[in-house]
2 protein chains.
Amino acid sequence: METPRVYGYINDICVIGHGSIGKGTLPLIKRHFKFDKITIIDPHPVELPEVSETVEFIQVGLTRDNFKEILDGIFVGKVGFCVNLSVGTSSSEIMQYCQAKGVFYIDTVKEEWEGYYSNEDVELWKRSNYGLREALLRDVRKHNRKTTAISCCGANPGMVSWFVKQALINLAKDIGFPLPEEPKTRNEWGKLMKDLGVKGIHIAERDTQRSNEIRDPKEFWNTWSVDGFISEGYYQPSELGWGTHEKWVPKEAVFHREGCQAAIYMTKPGMNVTVKTWCPTYGPQMGFLVTHDEAISISDYFTVKENDEVVYRPTCHYAYHPCAEAVASALEAIGSGEVPGEEKWKILEKEVVSGMDELGVLLFGHAKNAYWYGSQLDIKSTRERAPNQNATALQVTSAIIAGMTWALENP
Amino acid sequence: METPRVYGYINDICVIGHGSIGKGTLPLIKRHFKFDKITIIDPHPVELPEVSETVEFIQVGLTRDNFKEILDGIFVGKVGFCVNLSVGTSSSEIMQYCQAKGVFYIDTVKEEWEGYYSNEDVELWKRSNYGLREALLRDVRKHNRKTTAISCCGANPGMVSWFVKQALINLAKDIGFPLPEEPKTRNEWGKLMKDLGVKGIHIAERDTQRSNEIRDPKEFWNTWSVDGFISEGYYQPSELGWGTHEKWVPKEAVFHREGCQAAIYMTKPGMNVTVKTWCPTYGPQMGFLVTHDEAISISDYFTVKENDEVVYRPTCHYAYHPCAEAVASALEAIGSGEVPGEEKWKILEKEVVSGMDELGVLLFGHAKNAYWYGSQLDIKSTRERAPNQNATALQVTSAIIAGMTWALENP
């Protein structure tokens, strides 16, 4: 392996959350950044062999009441970076705090304080990613602060948005569409997608990672945060970016009254909505239409307006075939009408003996019909690059490193 | 274990098919009947350590052209019994042959000659179990022959119909419904169900049998015939007995023009229709609405008519949660729009390391709301009773022995 590149120098790095993604990100941060100190925060006791003079662990759960005080004690140097890889914390509030303090911020998903998603007293649209995204953009932008903060920068949401741009470039070439230079503005990207005739995008993922252990019924297994998957697939509504070409509307669809109008949601959980999609290795397949931020942000980003009227918007949604154990777990949750508690959760990490996470964007509707562009990462090559991670995690953690690097280069 | 009971003496037993059920039935037949000779027929080469002076194996596939000649060579003694445990043979034609010859007949499912179910030139309703049942009853009854022939006598269809009767008796007792003696006629049974307020019956099955081997995507694993499950769950339409209380009709429903009118079908395969149901061990769960003969025959059997008008009929359908690997296999087939070929099939027999097949009838709509009555057979007790079978198979094979015994006692 070649000598790893170092992308920048940060005085104080705070990693919130030491779950599967936190564990996987830590060695990459250590490998790719210079730093004075890394502080890891997690409410659970964790095994952390990395603890040293420069790596500290604080066992505490961040809450609305304590987070500022705790983070104040961490960000003491010139350059600080808050890497939020937790669930049950408010991305919006921590991001606003960081920007006020001049500290870089990145997360892989918009989160809310513990219990928000499963709180049935909160109206469904407020638990939708659309509602949360609108609220976050509104709250963060009102301060007009400048320190770079990156929201939803994992594999998906995150890396797949970069895939869409590259896929458009490739598609233009394949179709023979004249493209003297890459688009530079949001409007130019939207026009390119429109001109290429793209009607929609699936974020098409197939996870074939397997262990040879035996899951008991009512256990919930996954290759990444079970908590996170339950939030988005069970408690949040199924949700998708809604294109201008759509003539039909799903039966349970609800349109939003406020905001950018790029998405709709359905009054059922994503684990209970299946769609047909396609990934390279196994071809046509079913996927769960689980809500994901990229479905909304991609539809919004590539919207083309003329005189303030929307003239083009692609449909965009996640079409997720999780690992077989997660498929079975999800169907059991939907069937029983309840999700198992934390003591029944398991993330397949070292247990994975074979399989791949195949994650890409499937652009359809254009002259070439459909084009999939993405990452095919199997467990073997994952472990060569990053021991103790599975393929799903590495696709996320590598995107975090990319996002952190971009933030440092674009402060 | 107590000395096994012997239920009768048969000169010539012919077992057609040596798949998972055939293999499991053979030792039970040997244990529970006296016989002169057992002949086993299968198109595949099979390991058959039982071959002896009294057990013969013929490797041949039965076809419309050869079956009479082959069976003529087998049924030479006074009492013959044809035990049809094959797929791809015509139950109707073999049954008619047996009745003409005075040979007992039993099968566990109505089958057609090879390729019928997957032949898209055959109209869907003719591939429905309703259509096949109507045709079989018409063809067999026209001869007015008397030798007992039993159709669809496995676990389900089969044993579960007996469960329904016992469940009604138990329910009457629980509810305090006066029942001086058990119903004797079909009409009395229908009236009892009606009077108890039963609206419908799920054949509610949960299979939790697991191996610790790893299935490759595109393989199809099951705990019983993969071929059989693909026929009923993928090639045949989803189908259910349709009760008189139903006010709503599923979107894809088709009603039949001819016959008893006890059932409807949907223009989609059962592997693509999920229903909510309930089994004791894991409570509420999802099940596939796969077509099954008992759904039609139970709805038909318990129909109450007055002056030739149907005044009561229960809804009845299968609600099948197969083993986790079969769930994943089924969803992959539905997602990809294709079923894997025979070389990708696997039946979990010796491979099963844990789990149970829980199969019962869930009667709902009455004063006690819902009542499940059935069999809970785990792999451990299965192997104590019948080595080399899994729990799913033993529930079928034991019902075959019961059916054979009944036939001998009711010639």
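Small disclaimer: the values here were computed from a predicted structure and weren't measured.

(A) Focus on the interface of chain A and chain B. On the chain B side, the residues contacting the 27 residues of chain A number 27 residues. Taking both sides of the interface into account, the surface hidden between chain A and chain B amounts to around 2100 Å²; carbon and sulfur atoms contribute 60%. Our count for the chain A to chain B interface comes out at 4 salt bridges. Across the chain A-chain B interface, the total number found is 10 residue pairs in polar contact (both at pLDDT 80 or more). Secondary structure elements with two or more residues in the side of chain A that touches chain B: β13 (283-288) and α10 (324-336) of chain A. Among the elements that take part in the side of chain A that touches chain B, α10(A) stands out by supplying 9 residues, more than any other. Looking at side-chain class alone, the side of chain A that touches chain B contains 11 nonpolar, 9 polar and 7 charged residues.

(B) Seen up close, the packing of helix α6 (residues 159-175) of chain A against helix α9 (residues 293-301) of chain A. All names here are of chain A. One can describe the packing of α6 onto α9 by two numbers: an axis separation of 10 Å at closest approach and a directional angle of 35°. Considering only the axes of α6 and α9, their crossing is right-handed. Side by side, α6 and α9 meet where V160, S161, V164 and K165 of the first sit next to E294, I298 and Y301 of the second. Among the residues making up the contact of α6 with α9, the classes are represented as 4 nonpolar, 1 polar and 2 charged.

(C) Expanded view of helix α9 (residues 293-301) of chain B. Extensive coverage of α9(B) is indicated by the burial of 7 of its 9 residues. Among the residues of α9(B), those classed as buried are D293(B), E294(B), A295(B), I296(B), I298(B), S299(B) and D300(B).

(D) The environment of G102(A), seen in detail. With respect to the element layout, G102(A) can be found in the loop between α3 (91-101) and β5 (104-107). Distance from G102(A) to F81(A), taken between C-alpha atoms, is 9.3 Å for residues 21 residues apart in sequence.

(E) The confidence of the model for chain A, seen in detail. For chain A, the average pLDDT comes to 95, and 100% of its residues sit at 70 or higher. Model confidence for the complex is summarised by a pTM of 0.89, with the ipTM given as 0.84.

(F) Spatial organisation of unusual backbone geometry. Residue P157(A) follows N156(A) across a cis peptide bond; omega there is 0°. Summarising the element assignment, P157(A) is placed in the loop between β6 (149-150) and α6. One non-glycine residue, K218(A), lies in positive phi territory at about 75°. Along the chain, K218(A) falls in the loop between β7 (200-207) and β8 (220-222). According to the relative accessible area criterion, K218(A) is partly exposed, its value standing at 30%. Positive phi is not limited to glycine here, since C152(B) has a value of about 60°.

Thresholds applied
For every chain, the first residue of the written sequence is number 1, and numbering continues from 1 onward in sequence order. Labels are handed out in written order, letters beginning with A for the chains and numbers beginning with 1 for the ligands. For this predicted model, a pLDDT threshold of at least 70 governs which residues receive local features, and a threshold of 80 or more governs which side-chain atom pairs are given and counted, while totals over whole chains, interfaces and linings are taken from all residues. Based on all heavy atoms of the structure, the side-chain values leave hydrogens and waters out of the count. In what follows, a contact means two residues having at least one pair of non-hydrogen atoms within 4.5 Å. Two parts placed together each lose some accessible area under a 1.4 Å probe, and adding up what both lose gives the buried area. One side-chain nitrogen of Lys or Arg within 4 Å of one carboxyl oxygen of Asp or Glu is enough to make a salt bridge. Polar contact is defined as a pair of N or O atoms within 3.5 Å, subject to the rule that within protein one atom must be able to donate a hydrogen and the other to accept it, and that residues adjacent in sequence are counted only when both atoms are side-chain atoms. In this description a helix means any DSSP run of H or I spanning at least four residues, a strand means any run of E spanning at least two, and both kinds are numbered starting from the N terminus. Ten residue types, Ala, Val, Leu, Ile, Met, Phe, Trp, Tyr, Cys and Pro, are classed as nonpolar, four, Asp, Glu, Lys and Arg, as charged, and the remainder, Gly among them, as polar. In this analysis an axis means a line fitted to C-alpha atoms, helices contributing only their contacting stretch, and an angle means the value between N-to-C directions, from 0 to 180 degrees. Definitions for this section: a left-handed crossing has its near helix turned counterclockwise from the far helix by less than a right angle. A right-handed crossing has that turn clockwise. Only protein chains enter the accessibility calculation, which uses a 1.4 Å probe. A residue is then buried if its area is under 20% of the maximum for its type, exposed if over 50%, and partly exposed in between. Residue-level confidence of the predictor, termed pLDDT, takes values from 0 up to 100.

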